[in-house]
Amino acid sequence: VLLFCNPIEQFYVYSCCYLSRRLNQLSSHDPLWKRHCKKYWLISDEEKSQRNQSWKAIFISTYSDLGRYIRYYATLKKAWDDLEKYLGQRCPRMIGSLKESVREEDLDAVEAQIGCKLPDDYRCSFRIHNGQKLVVPGLMGSMALSNHYRSEDLLDIDTAAGGFQQRLGLKQCLPLTFCIHTGLSQYMALESVEGRNKYEIFYQCPDQMARNPSAIDMFITGTSYLEWFTSYVNKVVTGGYPIIRDQIFRQCFPFCRYVHDKECVATTGDITVSVSTSFLPELSSVHPPHYFFTYRIRIEMSKDALPEKSCQLDSRYWRITNAKGDVEEVQGPGVVGEFPIISPGRVYEYTSCTTFSTTSGYMEGYYTFHCLYYKDKFFNVTIPRFHMVCPTFKVSTARMVSGGAVVLALDCLVETNHNEYAVDEDEDSTDTDEYEDRRRVLDIPAPSGRCPRHT
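Residues numbered from 1 in each chain as written. Predicted model: local features only at pLDDT ≥ 70, side-chain atom pairs only at ≥ 80, totals over all residues. Heavy atoms only, no water.

A.B. asks: How would you sum up a nonpolar patch on the surface? Please name residues and give values.
C.D. replies: Taken together, L134, V136 and I180 make up a surface patch of nonpolar side chains, about 240 Å² in accessible area. By the element assignment, I180 lies in the loop between β5 (177–178) and β6 (186–189). According to the relative accessible area criterion, I180 is partly exposed, its value standing at 46%. (Patch = residues over 30% accessible without salt bridge, like charges linked within 9 Å, V, L, I, M, F, W, Y side chains within 5 Å. Areas by Shrake-Rupley, 256 points an atom, 1.4 Å probe, with all protein chains shown as cover. Salt bridge = Lys/Arg side-chain N within 4 Å of Asp/Glu carboxyl O. Helix = DSSP H or I, 4+ residues; strand = E, 2+ residues; numbered from the N terminus. Buried < 20%, exposed > 50% of the residue type's maximum accessible area, 1.4 Å probe, protein only.)

Dropping the structure here:
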């Protein structure tokens, strides 16, 4: 070729040939592949030594298997690794419920079975772990009240495919989780139908005021599997959801837009009160407006307090305000029917619940104690204001109209922000301390129905 080129062309051809040789040399320089193996596949030096391969060979072989997931793999693998490490130290029993990864052909077979494509971030996660066995406790968190218990499992791919929905109201929706006590699932929309966004994740909420069973409202919990899973794991490993008796106690709803500060704490003298909250979708509804929340309260006396500071709780006072500004005041003896004694270094915790007819509200108040050493000495301990906000929801427009006719407009759902949703019904919030539970062992039997309310 060079014989037929002029001198300038000969120079460029020679330069290109030299450049190609240099690129070939650089591409074979193994340390360059180390950075990519660590960045995209999280391969450690120890694992590299065990595989007895070059960094380049490891990258190429891993890419041939997982290359379609290169955008997601490192993020999801780190989340799984962090979760396993954290649970291994605190509740190893749960680690035993995790299933091994699935093969690529298994995921392809599920897509053929359900007739829908699975998102790559979901597929990638199941190439790492195939969910968990149907056991209690569930990987996706537990919640307990005195006659209500929920624990959600992360479904394996075959069980999820078996629960794939094609019925009106849940068309082309794949279950991600399942609670054997309540039947509750979180679903992922595999197509943009019935008003849902593709890959949106939600709890279903039947419209109790519509005669049409396919009228289903939705509490949105995530916009993608990657966001949904990694945000949950982050909350677990940072201690946002404490481990109590080998279970992840899901204190606050993981995906709603919280208003209150994480540091929801008030200290009066030597006593500190802290609060965390949770929204329960399985006990809530949009139509009629009934939003069910639990709150967990921790009362602790400083270990440095003097022994004569020991005291006993006599009563509680609550000031409860809903989103419309309506105020209810509640006062009653003790908590959970008990009158706990607080002494230096001692902690007392309990869980209670309340309902609102609006999508948000807040509570605040105080406890009244008397001193054990000076029985005629009484004092109040502040309970910090804590807000409760339900997640964003979408409202079905399959609504009952006059004469019993049903408007079927399932392909037109209205996305509603919880701060903007107005309701006309008046239903007072309710403090249910008589219905509280301070037990740490979450072995409560399946509920017989909705959680009762006691004023």
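Next, the rest of the story.
A.B. asks: Can you explain the packing of helix α7 (residues 104–114) against helix α8 (residues 120–128)? Please cite residues and give values.
C.D. replies: Contact pair α7 / α8: the axes reach a minimum separation of 10 Å and the direction vectors enclose 135 degrees. Judged on the interaxial angle alone, α8 and α7 are oblique. The crossing of α7 and α8 is right-handed. Residues E104, L107, D108 and E111 of α7 pack against R123, F126 and R127 of α8. In terms of residue class, the contact of α7 with α8 is made up of 2 nonpolar, no polar and 5 charged. (Axes fitted to C-alpha atoms, helices over the stretch in contact; angles between N-to-C directions. Parallel < 35°, antiparallel > 145°, perpendicular 65-115°, else oblique. Left-handed = near helix turned anticlockwise from the far one by under 90°. Contact = heavy atoms within 4.5 Å. Nonpolar A, V, L, I, M, F, W, Y, C, P; charged D, E, K, R; others polar.)

A.B. asks: Can you break down the sheet that holds strand β11 (residues 265–268) residue by residue, with the values?
C.D. replies: Within the open sheet, the 4 strands sit side by side as β11-β12-β13-β17. Their pairing is antiparallel. At either margin of the open sheet sits one strand with a lone partner, and together these are β11 and β17 (347–356). Neighbouring strand axes in the sheet, compared pairwise and without regard to direction, differ in orientation by 20 degrees on average. As defined by bridge partners, β11 adjoins strand β12 (residues 271–279) across 4 bridges and the pair is classed as antiparallel. Paired with V265 across the two strands is S274, which belongs to β12. (Pairing = 2+ DSSP bridges.)

A.B. asks: Please give an account of the confidence of the model for the protein that cites residues and values.
C.D. replies: Averaged over all residues, the pLDDT of the protein is 83; the fraction at 70 or higher stands at 79%. Across residues 253–261 the pLDDT falls below 50, and counting only partners more than four positions away or on other chains, this stretch makes 31 contacts in the model. (pLDDT = per-residue confidence, 0-100.)

A.B. asks: Break down the pairing of strand β15 (residues 327–333) for me, with residues and values.
C.D. replies: Across the two faces of β15 the burial differs, with E328, V330 and G332 buried and V327, E329, Q331 and P333 not buried at all. Where strand β14 (residues 311–322) meets β15, 7 bridges bridge the pair, whose relative direction is antiparallel. What sits directly across from R319, in β15, is E329. Counting the residues between successive antiparallel strands, the hairpin from β14 to β15 contains 4 residues, one of them, G325, with a positive phi of roughly 90 degrees.

A.B. asks: Can you tell me about the nonpolar core, naming the residues and giving the values?
C.D. replies: Counting 51 residues, the largest nonpolar core has L118, Y122, L139, Y225 and F229 as the members making the most contacts within it. Looking at this core, the elements that each hand over two or more residues are α2 (30–41), α4 (55–66), α5 (73–90), α7, α8, α9 (157–162) and α10 (225–237). In terms of residues, this core owes the most to one element, α5, which gives 7 residues. Mapping this core onto the domain boundaries places at least three of its residues in each of domain 1 (2–68) and domain 2 (73–233). Here L118 is in contact with L107, V110, E111, R123, I157, L174 and L190, once residues within four sequence places are set aside. (Core = buried A, V, L, I, M, F, W, Y, C linked by side-chain atoms within 4.5 Å. Domains from an automatic or database assignment.)

A.B. asks: A description of α4 should follow, citing residues and the corresponding values.
C.D. replies: Between its first and last C-alpha atoms α4 spans 16 Å; for 12 residues at 1.5 Å apiece the expected length is 16 Å, and the two agree. Looking at the buried positions of α4, the neighbouring elements they touch are α2, α3 (45–51), α5 and α8. (Expected span 1.5 Å × (residues − 1).)

A.B. asks: Please set out the side chain of Q132 residue by residue, giving values where relevant.
C.D. replies: On the secondary structure map, Q132 appears in the loop between α8 and β1 (142–145). Polar contacts involving the side chain of Q132 include one to the main-chain amide nitrogen of L139, which spans 2.6 Å. Here Q132 is in contact with S97, L98, K99, P137, G138, L139, E152, D153, L154 and D156, once residues within four sequence places are set aside. (Polar contact = N/O pair within 3.5 Å; in protein donor to acceptor, adjacent residues only side chain to side chain.)

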